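Okay, here's what each chain looks like letter by letter:
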Amino acid sequence: MFNDRVITLALFCKVVDNYGDIGICWRLARQLQQEHGIAVTLWVDDLASFQRICPDVILQADQQQVAGVTVRHWRDQDGVFTPADIADIVIEFFAVDIPPGYIAAMAECAPRPVWFNLEGLTAEEWVEGCHTLPSSHPRLPLTKHFFFPGFTAKTGGLLREAALDAQRLHFQSEPASVTAFLAQLGLAPAEIAATKVSLFCYPHAPVAALFEAWQQAAAPIACLVPEGVASEAVQAFLGAPAVAGAAQTRGALTVRVLPFVAQPDYDKLLWACDLNFVRGEDSFVRAQWAGKPFVWHIYPQDDNLHHKKLRAFLGRYAGALDALNAAALAWNDAPVGSAAGSDWTALWTAFAADMPAMTEWAVDWRRQMHDNGDLSSNLLQFASSLRSSPGGK
Ligand code: TRH
């Protein structure tokens, strides 16, 4: 237990590849502060990337308050810390190396802080066996616990704010607000009436081939691409720079470049679209809470390890949805073995026909994920159990 005082928590996040991982850490930090009243300090090494998803961030500040969270610019591994500087709960995201001085001060605390390595999301089965396992520090009297997000009750679940469902239902129940939101992003009435697809992926996705297929589609498609995403293919399609506001129609397809919006508006975009292409971890999870069909572009890893993770997820999610399975594999350049291969015209024809079934399943899946609780609450519950156990003092 934490003696009924305000709990302090430090979350260490290193940005990968421009802004990878800050999306998750920022969401987690805000939720811990807003819903659980925790005094959160988010240590982040790259403020410019952070500013992209949270425009309030000031680039020059070593320390600042953003939405109730203390943000510290994590410049290097130096720094001298005393036990008074150490939070009750310390989270390293994705096994980042916390500054040695901070760890040394952790060992001097009484009681010692609860220390987590919060891992990346994967649907692989081994996760259930490793979730919450302890790992002793080789030299210091400290124990770190692994905490895995995941898709089953034997994992930490997925990040989800308590008010998310209500916000989505409210937004979707007022068609006029949906139309106003899309119009404010620049969509023309014909695009609002079309099948709307948001597109967020890594640069190597086969976007040009997909655009080619969509031009031949049976019904109009409006593809909404945030600025900076798939720029090369988008620019080629537009025949002009891929800047926010640019749009072009060819055949059945209109491609429109949107401004890169702040996180809450990105949710609205997912809720307003009929289909979402998402990537990495946070947008992937948000698409699941949206309860709409989605295609996941997984972050590439050495030795195609990501294909294994992709298949593990599709094994849980795609079930009998063959068209979704085939499109997701082709989108990630994973060996397919189906007749369609990566013929996007064939893939899209099958996909479009299956969209009603996918939509139904997406809602069912969302309910199942709900039943696992939410990651922040699960993590705090576990932290509290560690504090109150005899070995946790
Ligand atoms: O940033 P990502 O590419 O994240 C990834 C994953 O964490 C991956 O596992 C990791 O290893 C890799 O980084 C390095 O994609 P992700 O997780 O979807 O985060 C993107 C964030 O951007 C998400 O919080 C949604 C947000 N976003 C906006 O706020 N506005 C937008 O317009 C768009 C397109 C996204």
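### Description of the overall build of the chain
Helix and strand counts for the chain stand at 15 helices and 14 strands. Relative to the globule expectation of 21 Å for 393 residues, the C-alpha radius of gyration of the chain, 22 Å, shows essentially globular dimensions. The C-alpha extent of the chain, read off along each of the three principal axes, is 65 × 45 × 40 Å. The buried share of the chain, taken over its 393 residues, is 54%. Long-range pairs, those at least 24 residues apart, make up 66% of the contacts in the chain between residues at least 6 apart in sequence. Summed over all atoms, the accessible surface of the chain reaches about 16800 Å², with 54% contributed by carbon and sulfur.

### Comments concerning the domain arrangement of the chain
In terms of domain boundaries, the chain breaks down into domain 1 (8-158 + 373-387) and domain 2 (164-371). Using C-alpha coordinates to define each centre, domain 1 is positioned 30 Å away from domain 2. Contacts between the two partners involve 22 residues from domain 1, matched on the other side by 25 residues from domain 2. Overall, the association of domain 1 and domain 2 removes approximately 2100 Å² of surface from exposure, summing both partners, and the carbon and sulfur fraction of that is 54%. The largest per-residue losses of area from domain 1 upon contact with domain 2 belong to Arg27, Phe151 and Leu158, which jointly make up 28% of the total buried on that side.

### Section: the packing of aromatic side chains
With the rule as written, the count across this model stands at 38 aromatic pairs. Between Phe81 and Tyr102, the aromatic rings sit 5.1 Å apart at their centres with planes inclined by 70°, giving edge-to-face as the arrangement. Within this pair, whereas Phe81 is found in the loop between strand S4 (69-73) and strand S5 (89-93), its partner Tyr102 is found in helix H3 (residues 100-108), the two being separated by 21 residues in sequence. Per residue, the accessibility class of Phe81 equals that of Tyr102, and both read buried. Pairing Phe147 with Phe382 gives two aromatic rings, centres 6.1 Å apart and planes at 35°, and the pair type is tilted. Placement of Phe147 in strand S8 (residues 143-147) and of Phe382 in helix H15 (residues 375-388) is noted, with a sequence separation of 235 residues between them.

### Observations regarding the site of the ligand
Taken together, 22 residues form the shell around the ligand, and within it Asp21, Tyr202, Val261, Asp282 and Ser283 come nearest. Measuring from an oxygen atom of the ligand, one finds a side-chain N or O atom of Arg279 at 3.0 Å. A distance of 3.0 Å is found between an oxygen atom of the ligand and a backbone nitrogen or oxygen belonging to Glu281. Its free accessible area being 710 Å², the ligand has 95% of it covered by the protein chains. Broken down by secondary-structure element, the contributors of at least two residues to the shell around the ligand are helix H1 (22-36), helix H10 (263-272) and helix H11 (282-290). Residues belonging to the shell around the ligand are distributed by class as follows: 13 nonpolar, five polar and four charged. Residue-level mapping places the shell around the ligand at the junction of two domains, with at least three residues from each of domain 1 (8-158 + 373-387) and domain 2 (164-371).

Here is what the cut-offs are and how they apply
Residues numbered from 1 in each chain as written. Predicted model: local features only at pLDDT ≥ 70, side-chain atom pairs only at ≥ 80, totals over all residues. Heavy atoms only, no water. Helix = DSSP H or I, 4+ residues; strand = E, 2+ residues; numbered from the N terminus. Rg over C-alpha atoms; globule rule 2.2 N^0.38 Å. Buried < 20%, exposed > 50% of the residue type's maximum accessible area, 1.4 Å probe, protein only. Contact = heavy atoms within 4.5 Å. Areas by Shrake-Rupley, 256 points an atom, 1.4 Å probe, with all protein chains shown as cover. Domains from an automatic or database assignment. Buried area = accessible area lost by both parts, 1.4 Å probe. Phe/Tyr/Trp six-rings, centres within 6.5 Å; stacked < 30°, edge-to-face > 60°. Near = heavy atom within 4 Å. Polar contact = N/O pair within 3.5 Å; in protein donor to acceptor, adjacent residues only side chain to side chain. Nonpolar A, V, L, I, M, F, W, Y, C, P; charged D, E, K, R; others polar.

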